[in-house]
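Geometric and topological summary
The residues making up each chain are set out below.
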Amino acid sequence: MISRAVGLLLLVAAAGAWGWSRGSVTWTLAGAGLGALLWLAWDSLRAAQLLRWLSRADDMHTPRLSGLWGELLERTRKRFRALEQKAHGSDERLEDFLAAIQASPNGVVLLDSKARIEWCNLTAAQHLGIDPQRDIGQYVRNLVRHPSFNAYMDAGDFGAEIEVDGPGQRPTQPRKISLQVHPYGDQRQLMLTRDVTAVQLADSMRRDFVANVSHEIRTPLTVLSGFVETMQSLPLEEADRQRFLGLMSQQAQRMQTLVSDLLTLSRLEGSPVPGTGEWVEVSELLRQAVLEAEGLSAVIANPVHRIEVVSGPELRVAGSRNELLSAMSNLLSNAVRYTPAGGSVRAGWRLVGDGGGEFFVEDTGPGIEAEHLPRLTERFYRVDRSRSRETGGTGLGLAIVKHVAQRHGGQVVVHSTVGRGSTFIISLPATRVRVTGA
């Protein structure tokens, strides 16, 4: 490139010298002009090469330029590299930011100045029932069709959040989505969503729990206070007095049982999960649970129930002896309470295909309708309230059974046919079950 420049300068000089050798000013000027035109043409050619490279920005076909154009080319290339690195870094940060928003448990929707969707994460798409790809550019009002949301957007007062119904409504447990709009930038809006179904369910369960406890305690207290007032104000014969004292003792025992079950639930929820270092013989637990069920049947049924122990493999279970006994006793007691007098109850342990174990209780009671099965383990939920109170039930037995099963890595399964009876199963994983002698 240097030789070409030197050659071009020599050409211009030669043209000037040629004009000078002719001895005429005109010829001298003509020679200088010719040299300048040649230089301009050469310079324009290099400028055109630089412009073509700039239009393509292709490092594979970089022209070879020298002098001022070469310096300009080199500085431009460095500037391009710096801008590319900066853009690449910005893209990486943007991808990290979007990935973080995608991982957020809250939904995020970006709206333009006309409330059209510019971007949303998958959580928001699930909350609102929209497609994060297909619905880009759609008006959010056309997708979230809820009167309270339209009124919220029309009012333009976004100081508080509102709740709308979520997609896939279920009658037994409606889904609730909380959303709030935050204006930002040039008339743009950021809409945040979160699923508050679990929060509302927990609040509802807390209110129901307090109401149920108050009701369960109020009833025996009312009976007790009535009997006490009667005995204080009226002269009673010894037979009436003994009868009243017996009823008072029964109501006091009912409150004591309720408090005991509440304390058991509180202990189960607040204590560590039982480990696998202690192994309990299930046959011993079964014998004790059956004895308790037979004693209950003798008190509430005439004739008594036929309680049969189904023989099975000798098993050991890893966990808390007291918790397992409580769960087994609750299932047997429920079977006795809800099975008519003279009916039969069968209970036992068995192995399942994956090496786990199951404790089952079968009864010949009236059975349970399918609509009640999902809620049986809720606190204070009763299929037949009058029947449960008559037999001394608190409505907490199956809730205790569910907690014990879950703390031991298992679950509670219920099968029931109206008019034919029910089967309650505590299923435990293979890691907590061992065959004796194996």
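Just so you know, these numbers come straight off a predicted model, no measurement behind them.

Parameters and conventions
Residues numbered from 1 in each chain as written. Predicted model: local features only at pLDDT ≥ 70, side-chain atom pairs only at ≥ 80, totals over all residues. Heavy atoms only, no water. Pairing = 2+ DSSP bridges. Helix = DSSP H or I, 4+ residues; strand = E, 2+ residues; numbered from the N terminus. Buried < 20%, exposed > 50% of the residue type's maximum accessible area, 1.4 Å probe, protein only. Contact = heavy atoms within 4.5 Å. Axes fitted to C-alpha atoms, helices over the stretch in contact; angles between N-to-C directions. Phe/Tyr/Trp six-rings, centres within 6.5 Å; stacked < 30°, edge-to-face > 60°. pLDDT = per-residue confidence, 0-100. Core = buried A, V, L, I, M, F, W, Y, C linked by side-chain atoms within 4.5 Å. Left-handed = near helix turned anticlockwise from the far one by under 90°. Nonpolar A, V, L, I, M, F, W, Y, C, P; charged D, E, K, R; others polar. Polar contact = N/O pair within 3.5 Å; in protein donor to acceptor, adjacent residues only side chain to side chain. Patch = residues over 30% accessible without salt bridge, like charges linked within 9 Å, V, L, I, M, F, W, Y side chains within 5 Å. Areas by Shrake-Rupley, 256 points an atom, 1.4 Å probe, with all protein chains shown as cover. Salt bridge = Lys/Arg side-chain N within 4 Å of Asp/Glu carboxyl O. Lys, Arg positive; Asp, Glu negative; His and termini not counted. Charge placed at Lys NZ, Arg CZ, Asp CG, Glu CD.

**Concerning the pairing of strand 5 (residues 188-195)**
The sheet contact formed by strand 1 (residues 107-111) and strand 5 spans five bridges and is antiparallel. Looking at strand 5, one finds that Leu110 is bridged to Leu190. Note: strand 4 (residues 176-184) against strand 5, eight bridges, orientation antiparallel. Paired with Val181 across the two strands is Met191, which belongs to strand 5. What sits between strand 4 and strand 5 in their antiparallel hairpin is a turn of three residues, with Gly185 showing a positive phi close to 60 degrees.

**Observations regarding the pairing of strand 2 (residues 117-120)**
Alignment of strand 1 against strand 2, held across three bridges, turns out to be antiparallel. Residue pairing in the sheet places Leu110 in a bridge with Trp119 of strand 2. In this antiparallel pair of consecutive strands, strand 1 and strand 2, the connection spans five residues, and Ala115 shows a positive phi of 60 degrees.

**Notes on helix 12 (residues 397-407)**
Of all eleven residues that make up helix 12, nine are buried, and the element is covered over most of its length. Listed as buried for helix 12 are Gly397, Leu398, Ala399, Ile400, Val401, His403, Val404, Ala405 and Arg407. Looking at the packing, one finds that the buried side of helix 12 touches helix 8 (238-270), helix 10 (321-338), strand 11 (411-417) and strand 12 (421-428). Gly409 sits one or two positions beyond helix 12 and adopts a positive phi of about 80 degrees.

**Section: the environment of Pro272**
For Pro272, the location among the structural elements is in the loop between helix 8 and strand 6 (279-281). Note on Pro272: relative accessible area 69%, which makes it exposed. Put simply, Pro272 and Arg407 are 135 residues apart on the chain and 8.6 Å apart in space, counted from C-alpha to C-alpha.

**Things to note about the sheet that holds strand 12**
Within a sheet, adjacent strands bond to each other through the backbone by hydrogen bonds, running parallel or antiparallel. Spatially, five strands are ordered 7-9-10-12-11 in an open sheet, and the strand pairing comes out mixed. With partners counted over all chains shown, the strands left at the sheet margins are strand 7 (306-309) and strand 11, one partner each. Averaged over all adjacent pairs, the angle separating strand axes in this sheet is 15 degrees, with direction ignored. Contacting strand 7, strand 9 (344-351) and strand 10 (357-363), helix 9 (residues 282-300) crosses the sheet at an angle of about 180 degrees to strand 7. Packed on one face of the sheet, helix 10 meets strand 7, strand 9, strand 10 and strand 12 and runs near 20 degrees to strand 10.

**Section: the packing of aromatic side chains**
The final tally for this structure, using the stated rule, is three aromatic pairs. Their ring planes at 20 degrees and their centres at 5.0 Å tell us that Phe227 and Phe244 sit as a pair that is stacked. With Phe227 in helix 7 (residues 197-233) and Phe244 in helix 8, this pair connects stretches of sequence that are 17 residues apart. Of the residues examined, Phe244 reaches a relative accessible area of 11% and is grouped as buried. Here Trp349 and Phe359 contribute two aromatic rings whose centre-to-centre distance is 5.6 Å and whose plane-to-plane angle is 40 degrees, an arrangement assigned as tilted. One end of the pair, Trp349, is in strand 9; the other, Phe359, is in strand 10, and ten residues separate them in sequence.

**Quick notes on the sheet that holds strand 6**
The antiparallel open sheet is built from three strands, whose spatial order is 6-8-13. Unpaired on one side and paired on the other, strand 6 and strand 13 (433-435) mark the two borders of the sheet. Neighbour-to-neighbour, the strand axes of this sheet turn through a mean angle of 30 degrees, independent of strand direction. In the sheet, strand 6 pairs with strand 8 (residues 315-318) via three bridges, with the strands oriented antiparallel. If you follow Glu281 over to strand 8, its bridge partner there is Arg316.

**Side note on the confidence of the model for the protein**
Mean pLDDT over the protein works out to 81, with 82% of the residues at or above the 70 mark. Across residues 1-6 the pLDDT falls below 50, and counting only partners more than four positions away or on other chains, this stretch makes four contacts in the model.

**Quick notes on the nonpolar core**
Counting residues in each nonpolar core, the largest one holds 44 residues, and the members touching the most others are Leu331, Leu332, Trp349, Phe359, Val361 and Ile426. Those elements that provide at least two residues to this core are helix 8, helix 9, strand 8, helix 10, strand 9, strand 10, helix 12 and strand 12. Looking at this core, the element that brings in the most residues is helix 10, giving eight residues. Listed in part, the 21 residues of the second largest apolar core include Phe158, Ile162, Val181 and Met191.

**A few points about the packing of helix 9 against helix 10**
In the contact formed by helix 9 and helix 10, the axes pass within 9 Å of each other and the chain directions differ by 35 degrees. Helix 9 and helix 10 meet at a crossing whose hand is right-handed. Contact with helix 9, carried on its side by Val282, Glu284, Leu285, Leu286, Gln288, Ala289, Val290, Glu292, Ala293, Leu296, Ser297 and Ile300, involves Arg321, Leu324, Leu325, Met328, Ser329, Leu332, Ser333, Val336 and Arg337 of helix 10 and no other residues of that element. Here the contact of helix 9 with helix 10 is built from residues that sort into 13 nonpolar, four polar and four charged.

**Overview of the side chain of Thr193**
Positionally, Thr193 belongs in strand 5. By relative accessible area, Thr193 is classed as buried at 1%. A polar contact is formed between the side chain of Thr193 and the side chain of His127, at a distance of 2.9 Å.

**Focus: a negative patch on the surface**
A surface patch of negative charge is lined by Asp91, Glu92, Glu95 and Asp96. Relative to the helices and strands, Glu95 is located in helix 3 (residues 67-103). Given a relative accessible area of 51%, Glu95 falls into the exposed group.

**Overview of the pattern of salt bridges**
This model, assessed by the stated rule, comprises 16 salt bridges. We note a salt bridge from Arg241 to Glu238, for which the minimum N-O separation is 3.6 Å. Of this pair, Arg241 and Glu238 are both found in helix 8, three residues apart, which corresponds to roughly one turn of the helix. Arg241 sits in the partly exposed class, given a relative accessible area of 35%. Here Arg321 makes a salt bridge to Glu284, at a shortest N to O gap of 3.0 Å. A residue pair is termed long-range when its members are at least 10 positions apart, and Arg321 in helix 10 and Glu284 in helix 9 qualify at 37 residues.

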